[in-house]
Amino acid sequence: GVQTCALPIWESLPADAGEPPTSLTIASQGYTVHRREGGRAYVALDWGESGGGHGHPDRLNLLIAHGASRWLDDLGTGSYVDPSLHWYRSTLAHNAPLVDGRSQARVNGWCVADESAGAFDIVAARVDKLAPGVRMERTIVTGPDYVVDEVRWVADREIRVELPMHVPVSPGLPFAPATLDGGAGTEDGFAFVSNAEAAALGAGSVAEAHAESF
């Protein structure tokens, strides 16, 4: 037979009587969230398990949102039947580090520091063998009105590290048309990039980026 059940219909959502959300680490998911302004400001670091065949190579992926403005976001997967699926499954499509133009190895990370101290929240995470012979660490310090993001690595050879940041900004740098140099693997992501531009900065340079309208 067929069973049915009746569900209540709400004309409006009930008032939220709970406390404002606070910073937390979900160890079982490998995810740390820093919150400010009663949850309006949201900073998250994804550092845990790779997720097997369904997960993306996005260890140390960073998300930042403030109210309705998504400064750094995770776009998930746009389609499971279109070739663009391979873009969404690349490290390049995330705000996560990659080595020598290739998506990360499917390895797990772990949290090495997690502390809330007054007005500051700190999380540091590490991934071994993100690429062969490479250990990568990312530390996030969330203050009252700013975020500090530090990426460090140790490698058994000279490597190139790239840190994609998918955010609508005006960098104010001397960009010129360029071809991104990256892996040719189906899920390295570089084959999906078009109209690329690049700007060269010397060692010790400081760049400022200003947000465009969201």
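**Q** Got a minute to help me understand the overall build of the chain in this structure?
**A** When helices and strands are counted, the chain shows one helix and 15 strands. Seen along its three principal axes, the alpha-carbon backbone of the chain occupies a region of about 60 × 55 × 35 Å. Here the chain, with 214 residues, has 31% of them falling under the buried criterion. Within the chain, contacts between residues separated by at least 24 positions form 49% of all contacts whose residues are at least 6 apart in sequence. Accessible area of the chain: about 13200 Å², with a carbon and sulfur share of 54%. Taking the average place of the 15 positive charges on the side chains of the chain and the average place of its 28 negative ones, the gap between the two points comes to 6 Å.

**Q** Hey, could you run me through the sheet that holds strand β1 (residues 24–26) in this one?
**A** Note on sheets: strands pair through backbone hydrogen bonds, and any given pair is parallel or antiparallel. Pairing within the open sheet is antiparallel, and its five strands lie in the order β1-β2-β3-β4-β5. Edge strands, defined here as strands with exactly one partner in the open sheet, are β1 and β5 (69–72). Taking the axes of each pair of neighbouring strands and ignoring which way they run, one obtains an average angle of 15° across the sheet. Looking at chain direction, β1 and strand β2 (residues 31–36) are connected through three bridges and run antiparallel. Residue pairing across strands places Ile26 opposite Tyr31, the latter belonging to β2.

**Q** Just to check I follow, could you spell out the nonpolar core for this structure?
**A** One broad trend across soluble globular proteins is that nonpolar side chains are buried collectively. Core analysis: the largest hydrophobic core is formed by 17 residues, its most contacted members being Leu45, Leu60, Leu62, Val99, Val134, Met136 and Ile140. If near-sequence neighbours (up to four positions away) are discounted, Leu60 is found in contact with Leu45, Asp46, Trp47, Asn95, Ala96, Pro97, Ala125, Arg126, Val127, Met136, Glu137 and Arg138.

**Q** Any chance you could explain the pattern of salt bridges here in plain terms?
**A** As a working rule, side chains carrying opposite charge can pair if their charged atoms are close by. One pass over the full model with this rule turns up 17 salt bridges. With a closest N to O distance of 3.3 Å, Asp188 and Arg102 form a salt bridge. Taken together, the positions of Asp188 in the loop between β13 (176–177) and β14 (197–198) and Arg102 in the loop between β6 (98–99) and β7 (109–117) put the pair 86 residues apart, joining distant regions of the chain. Looking at Asp188, the relative accessible area reads 7%, which means it is buried. The partly exposed category is assigned to Arg102, whose relative accessible area is 48%. In this structure, Asp181 engages Arg160 in a salt bridge whose closest nitrogen and oxygen atoms are separated by 3.2 Å. One end of the pair, Asp181, is in the loop between β13 and β14; the other, Arg160, is in the loop between β10 (147–155) and β11 (161–162), and 21 residues separate them in sequence. Residues participating in the shared-partner salt-bridge network are Arg126, Glu137, Glu150 and Arg152.

Thresholds applied
Residues numbered from 1 in each chain as written. Predicted model: local features only at pLDDT ≥ 70, side-chain atom pairs only at ≥ 80, totals over all residues. Heavy atoms only, no water. Helix = DSSP H or I, 4+ residues; strand = E, 2+ residues; numbered from the N terminus. Buried < 20%, exposed > 50% of the residue type's maximum accessible area, 1.4 Å probe, protein only. Contact = heavy atoms within 4.5 Å. Areas by Shrake-Rupley, 256 points an atom, 1.4 Å probe, with all protein chains shown as cover. Lys, Arg positive; Asp, Glu negative; His and termini not counted. Charge placed at Lys NZ, Arg CZ, Asp CG, Glu CD. Pairing = 2+ DSSP bridges. Axes fitted to C-alpha atoms, helices over the stretch in contact; angles between N-to-C directions. Core = buried A, V, L, I, M, F, W, Y, C linked by side-chain atoms within 4.5 Å. Salt bridge = Lys/Arg side-chain N within 4 Å of Asp/Glu carboxyl O.

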